[in-house]
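Tertiary structure, described
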Number of protein chains: 2
Amino acid sequence: MSQRRQIKLGAFLMQTGHHIAAWRHPDAQADAGTNFRHYAELARKAEAAKFDAVFFADSAGVRSDDRTFLARTARADHLEPITTLAGLAALTERIGLIATASTSFNEPYNLARKFASLDLISGGRAGWNLVTSSTDAEARNFNQERHLAHAERYERAGEFHDVVLGLWDSWEDDAYLRDKQAGLYYDIDKLHVLYHHGKHFSVQGPLNVGRSPQGRPVVVQAGASEAGRELAGRTAEVIFVAHQTVAEAQAFYTDIKERAIRHGRHPEDVKIMPGIFPVVGASQDEADEKFGRLQELVQPQVGVALLSNMIGHDLRGYPVDGPLPELGETNGGRSRRELLVGLAGRGELSIRELYLRICGARGHQQVVGTPKSIADQLHEWFENGSADGFNIMSPWLPGGLDEFIAGVVPELRRRGLFRTEYEGRTLRENLGLKIPVHPAATGRRRLVAAA
Amino acid sequence: MSQRRQIKLGAFLMQTGHHIAAWRHPDAQADAGTNFRHYAELARKAEAAKFDAVFFADSAGVRSDDRTFLARTARADHLEPITTLAGLAALTERIGLIATASTSFNEPYNLARKFASLDLISGGRAGWNLVTSSTDAEARNFNQERHLAHAERYERAGEFHDVVLGLWDSWEDDAYLRDKQAGLYYDIDKLHVLYHHGKHFSVQGPLNVGRSPQGRPVVVQAGASEAGRELAGRTAEVIFVAHQTVAEAQAFYTDIKERAIRHGRHPEDVKIMPGIFPVVGASQDEADEKFGRLQELVQPQVGVALLSNMIGHDLRGYPVDGPLPELGETNGGRSRRELLVGLAGRGELSIRELYLRICGARGHQQVVGTPKSIADQLHEWFENGSADGFNIMSPWLPGGLDEFIAGVVPELRRRGLFRTEYEGRTLRENLGLKIPVHPAATGRRRLVAAA
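Residues numbered from 1 in each chain as written. Chains lettered and ligands numbered in written order. Predicted model: local features only at pLDDT ≥ 70, side-chain atom pairs only at ≥ 80, totals over all residues. Heavy atoms only, no water.

Once that is clear, we can look at the interface of chain A and chain B. Each partner contributes residues to the interface: chain A has 79 residues there, and chain B has 79 residues. When chain A packs against chain B, the two sides together hide about 6700 Å² of surface, and 54% of this comes from carbon and sulfur. For chain A, the biggest contributors to the area lost against chain B are A:Arg67, A:Lys180 and A:Tyr185; these three give 12% of the whole. Summed over the shared surface of chain A and chain B, the number is six salt bridges. With a closest N to O distance of 2.6 Å, B:Asp58 and A:Arg113 form a salt bridge. At the surface where chain A touches chain B, the tally comes to 49 residue pairs in polar contact (both at pLDDT 80 or more). Elements represented by at least two residues in the side of chain A that touches chain B include exactly α2 (67–71), α3 (81–91), α4 (108–121), β5 (176–179), β6 (184–186) and β8 (202–203) of chain A. With eight residues, α3(A) is the single largest residue contributor to the side of chain A that touches chain B. Looking at the side of chain A that touches chain B residue by residue, the class counts come to 38 nonpolar, 24 polar and 17 charged. (Contact = heavy atoms within 4.5 Å. Buried area = accessible area lost by both parts, 1.4 Å probe. Salt bridge = Lys/Arg side-chain N within 4 Å of Asp/Glu carboxyl O. Polar contact = N/O pair within 3.5 Å; in protein donor to acceptor, adjacent residues only side chain to side chain. Helix = DSSP H or I, 4+ residues; strand = E, 2+ residues; numbered from the N terminus. Nonpolar A, V, L, I, M, F, W, Y, C, P; charged D, E, K, R; others polar.)

See the structure below:
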């Protein structure tokens, strides 16, 4: 059935767009963050273009207490992703629905239920982007002064993941008899109670939501630190990642696939989808000009605050046209910080130059050009062992996505690199991921039944 | 604008229907619990009939470990309500969307976000039915061996409620400038950070979701114990309650309105909506026969287990045609238990007779009759100070709701007791509840701004 390997595409929908100043773009939907109709329109467009999924980021709080920054960005104003995607599930038929949710600020039973419900509501199109969260600001909304240390939150994340998957396996696929005459709703022997007692969680189960058409939601991850990679190699089915160079991307791709194999998985069981921030123009000049206009909308207070936040170091006291100072230790997200410090070092960039480098794609690859030149770059990454697909981070919305769909998608199709019709009805089918066999059917895992 | 006081109606959508054996009804949608299309159809019907809201119960676990019972009921198989209602929000325009969620097994920041998001997705139609949950089975999914004691969980619930409302007041209604030219998204002086430090929670805030068209979601409650009534008198805007007699209903109604006044509220600020389980027939005989057919579908193992669960005492060893034994102390839901013990005492009912009394409405009022006789009873309760409206608990679905809409709703309209068109677009407008003024505008509460 599947002939040629094809590119997977996610539409990463970030409020008014990924560029920090996107909300100021003349054509941007300024109230996008809380405007469900805006998202509904985008999801329908992405589905019409046969994207694999829409993807939503999340944070469990307002990450900055810098009021100057807050007043000038749209970032603190957004709908919660799982509810939003449940709404979008009702209005779409085929496109996958991936929501970010934190293992640090949720309980596994609640999260397992919500994603299982989204999966059923959507007919098997849900994905969970597992994150550990990185800010104290979020921790302070959950009875903590500071966030868990990096190693501990990854340890918690690993156990959280295992509990969630165990709960999703509460009922076998054929547990449902619904035999009205006999009065038997379930074949109760197909019920598996979890009885989990671990370091971070005690969760008895079973889940009170049934199994989904795709077995269970797709697990997505984005961590790129050593701990993040190891968790991803063991558990992730899709990886969303930020790279600046082909060499970095190839090394990451190879590393993750090797880790997957080490955990007894097949390399095809994990799809690697770097983030791409595309600015599409009819000519290179037009694309450059579009990007330049967005960059001009960045207010210095916003740029400095954004950079400070991302590297976990307050840069407000330093000259904006001077270099990045020496940074101390941080408990924040490791990979993003290393990437930025690397950027600064490689290019000897000033604080201003550096924040302008991340105002768009936050460290992800920026691709500014014509449909052909953008397709060339995606094509290259896809063929040279850097990527199985891409998460498209439109600079502003809705226009940025429209332009990608109108220009780049047809160009990819001309090369046979992107589908013209969905392969299946579930996210797993479209991503080319296997539908998991229930462990009770494989005998691989012992699930204890209640007395 | 409002002339005559009218009945408020909720459609309490319980999977295959409220009767415990509903899933065995020939016309019931047997897989209803996880069938989103089923709920979409019901919500559209209820909206076409101008119901105030659809209402979903919830539990954070499978409440029974009695496998004989579990195998024979549909109760453990259901979608999570907030995700379900977010999906329904996308398919409806006017009807309110009330989801149950527990203060014992959630964190206030997460819950505040999800309901605020549902409220925005629906254009101001969300309601939160605040419950404290009552079973150890649920607690065991959340790192606990036993559930919190009754008094402590109500104490936690009160603080939880206050934190959630504080978070919903993070942004004033006019905080949103979205001035692209000036580069100001917010009027940052309209941001209010909560800085809550209490016995059960420390939550800094602010919420990362904006304010909704109805100010904030409607708060619904169902507790009828002393602690539950006191919390409701202070905080509830709608009360869902179970009564067997007019005298009980009147006493409760008067008590709650008095408590509301004592807390500085207006009696109209809280709407009391008892649950009603209607079985509609063209004649009384037909209605009795319909009900009888449902009762015949109850399997004794199911009835005994249901009753055991509800009163927190295992009755499996007792003769099913004998009396209820003496019951010890319980940490479960108080009000439901008292109601059942009262029922047993009043009627000298056997265990079988008692479970048959609760297999339909679980202690709520059963009304079996013609559209006219049912309307007579609702009319009486509404006029004699027992109720402001009713939460309709259809015996089976979809048919039971269809029959109520086809028969009873027109009868209520003929008497001028029920609307022919929605009064407004938000749940508050339709329920006749005031849209709350932000505390910063009233000066009643001091909200501290971050430095």
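Counted residue by residue, helix α3 (residues 81–89) of chain B has nine buried out of nine residues, so it is predominantly covered. Three or more residues of α3(B) are buried, namely B:Pro81, B:Ile82, B:Thr83, B:Thr84, B:Leu85, B:Ala86, B:Gly87, B:Leu88 and B:Ala89. Summarising the contacts, the buried residues of α3(B) are in contact with α3 and α4 of chain A together with α1 (36–48), β2 (53–56), β3 (96–102) and α4 (108–121) of chain B. With a side-chain oxygen positioned 3.0 Å from the backbone nitrogen of B:Ile82, the residue opening α3(B) is B:Glu80. (Buried < 20%, exposed > 50% of the residue type's maximum accessible area, 1.4 Å probe, protein only.)

The next subject is the pattern of salt bridges. Using the criterion set out here, one finds 74 salt bridges over all chains in the structure. Linked by salt bridges that have partners in common, A:Glu226, A:Arg229, A:Glu230, A:Asp255, A:Arg259 and A:Arg262 make up one network.

Packing of α3(A) against α3(B) leaves a shortest axis separation of 7 Å and a crossing angle of 45°. As the angle between them shows, α3(A) and α3(B) are arranged oblique. Both α3(A) and α3(B) take part in a crossing whose hand is right-handed. Here A:Ile82, A:Thr83, A:Ala86, A:Gly87 and A:Ala90 of α3(A) lie close against α3(B), whose contacting residues are B:Ile82, B:Thr83, B:Ala86 and B:Gly87. A breakdown of the residues in the contact of α3(A) with α3(B) according to their chemical character gives five nonpolar, four polar and no charged. (Axes fitted to C-alpha atoms, helices over the stretch in contact; angles between N-to-C directions. Parallel < 35°, antiparallel > 145°, perpendicular 65-115°, else oblique. Left-handed = near helix turned anticlockwise from the far one by under 90°.)

What follows is about the pairing of strand β9 (residues 218–221) of chain A. Residue and element names in this part refer to chain A. Neither face of β9 is left uncovered, since the one carrying Val218 and Val220 and the one carrying Val219 and Gln221 both have all their residues buried. Sheet topology places strand β4 (residues 126–131) next to β9; four bridges connect them, and they run parallel. Among the inter-strand pairings, Leu130 is bridged to a residue of β9, identified as Gln221. Relative to strand β10 (residues 238–241), β9 runs parallel, the two being bridged by two bridges. Residue Gln221 lies in a different strand from β10, and its bridge partner there is Ile239. (Pairing = 2+ DSSP bridges.)

The two copies are related by a screw motion: chain A maps onto chain B through a turn of 180° and a shift of 0.0 Å along the axis, at an RMSD of 0.0 Å. Accordingly, the operation relating the two chain copies is best matched by a two-fold axis. It is A:Gly87 whose C-alpha, among those of chain A, lies nearest the rotation axis, at 2.0 Å. Both copies present the same face, since 100% of the interface residues in chain A are matched by interface residues at the equivalent positions in chain B. (Least-squares fit on C-alpha atoms with pLDDT ≥ 70 in both.)

Among all positions of helix α7 (residues 226–235) of chain A, only A:Gly228, A:Leu231, A:Ala232, A:Gly233 and A:Thr235 are buried. Where α7(A) is buried, its residues contact β4, α6 (150–168), β9, β10 and α8 (246–262) of chain A.

The omega angle of the peptide bond from A:Gly205 to A:Pro206 is -5°, so this bond is cis rather than trans. Cis peptide bonds are those with omega within 30 degrees of zero, and the linkage from A:Leu397 to A:Pro398 qualifies with 5°. Examined against the element boundaries, A:Pro398 turns out to sit in the loop between β13 (389–392) and α14 (399–414). One non-glycine residue, A:Gln15, adopts positive backbone phi at about 35°. As for its position among the elements, A:Gln15 is in the loop between β1 (8–12) and α1 (36–48). Of note in this structure, B:Arg178 is not a glycine but carries a positive phi near 50°. Within the element layout of this structure, B:Arg178 appears in strand β5 (residues 176–179). Residue classification places B:Arg178 among the partly exposed positions, given a relative accessible area of 22%.

Core analysis: the largest hydrophobic core is formed by 152 residues, its most contacted members being A:Phe51 and B:Phe51. If you look at the next biggest cluster of nonpolar residues, it comprises 26 residues, including A:Leu297, A:Leu327, A:Ile351 and A:Ile358. (Core = buried A, V, L, I, M, F, W, Y, C linked by side-chain atoms within 4.5 Å.)

With that settled, the discussion passes to the confidence of the model for chain A. All names here are of chain A. Taken over all residues, the pLDDT of chain A has a mean of 93, while the share at 70 or more is 94%. Scored below 50 in pLDDT, residues 446–451 makes 12 contacts in the model with residues more than four places away or belonging to other chains. The ipTM value of the predicted complex is 0.95, and its pTM value is 0.95. (pLDDT = per-residue confidence, 0-100.)

Looking now at the packing of aromatic side chains. All names here are of chain A. For the structure shown, the criterion picks out 34 aromatic pairs over all chains. A centroid spacing of 4.8 Å and a plane angle of 70° characterise the contact between Phe12 and Phe55, whose relative ring orientation is edge-to-face. With a gap of 43 residues between them, Phe12 in strand β1 and Phe55 in strand β2 (residues 53–56) connect regions that are remote in the sequence. One exposure class covers both Phe12 and Phe55, and it is buried. (Phe/Tyr/Trp six-rings, centres within 6.5 Å; stacked < 30°, edge-to-face > 60°.)

All names here are of chain B. Taking burial as the measure, the 10 residues of strand β11 (residues 271–280) include 10 buried ones, the bulk of the element. Here β11 shows a buried face lined by Lys271, Met273, Gly275, Phe277 and Val279 and a second buried face lined by Ile272, Pro274, Ile276, Pro278 and Val280. With four bridges connecting them, strand β10 (residues 238–241) and β11 associate as parallel partners. Residue Phe240 lies in a different strand from β11, and its bridge partner there is Met273. For the segment spanning β10, helix α8 (residues 246–262) and β11, crossover handedness is right-handed. Two strands pair when backbone bridges link them, and β11 and strand β13 (residues 389–392) are joined in this way by two bridges, in the parallel orientation. For Ile276, the partnering residue across the bridge sits in β13 and is Ile392. (Right-handed = clockwise from strand over helix to strand, strands pointing away.)

Before going further, it helps to examine the side chain of A:Arg211. All names here are of chain A. On the secondary structure map, Arg211 appears in the loop between β8 and β9. On the basis of relative accessibility, which here comes to 8%, the residue Arg211 falls in the buried class. A distance of 3.1 Å separates the side chain of Arg211 from the side chain of Asp173, its partner in a polar contact. With near-sequence residues (within four places) excluded, Arg211 lies in contact with Leu120, Trp168, Asp169, Trp171, Glu172, Asp173, Tyr176, Pro436, Val437 and His438.

The subject of this paragraph is the UniProt feature "binding site: FMN" (unreviewed entry) in chain A. UniProt marks A:Asp58, A:Thr100, A:His150, A:Tyr154 and A:Ser225 with the feature "binding site: FMN" (unreviewed entry), using the numbering shown here. Residues within four places of A:Asp58 in sequence aside, it is in contact with A:Arg63, A:His78, A:Pro81, A:Thr100 and B:Arg113. Of the residues examined, A:Tyr154 reaches a relative accessible area of 15% and is grouped as buried. If we skip the residues at most four places from it in the chain, A:Tyr154 touches A:Thr132, A:Gly223, A:Ser225, A:Ala227, A:Gly228 and A:Leu231. (UniProt positions renumbered as here; feature names shortened; annotations may be inferred.)

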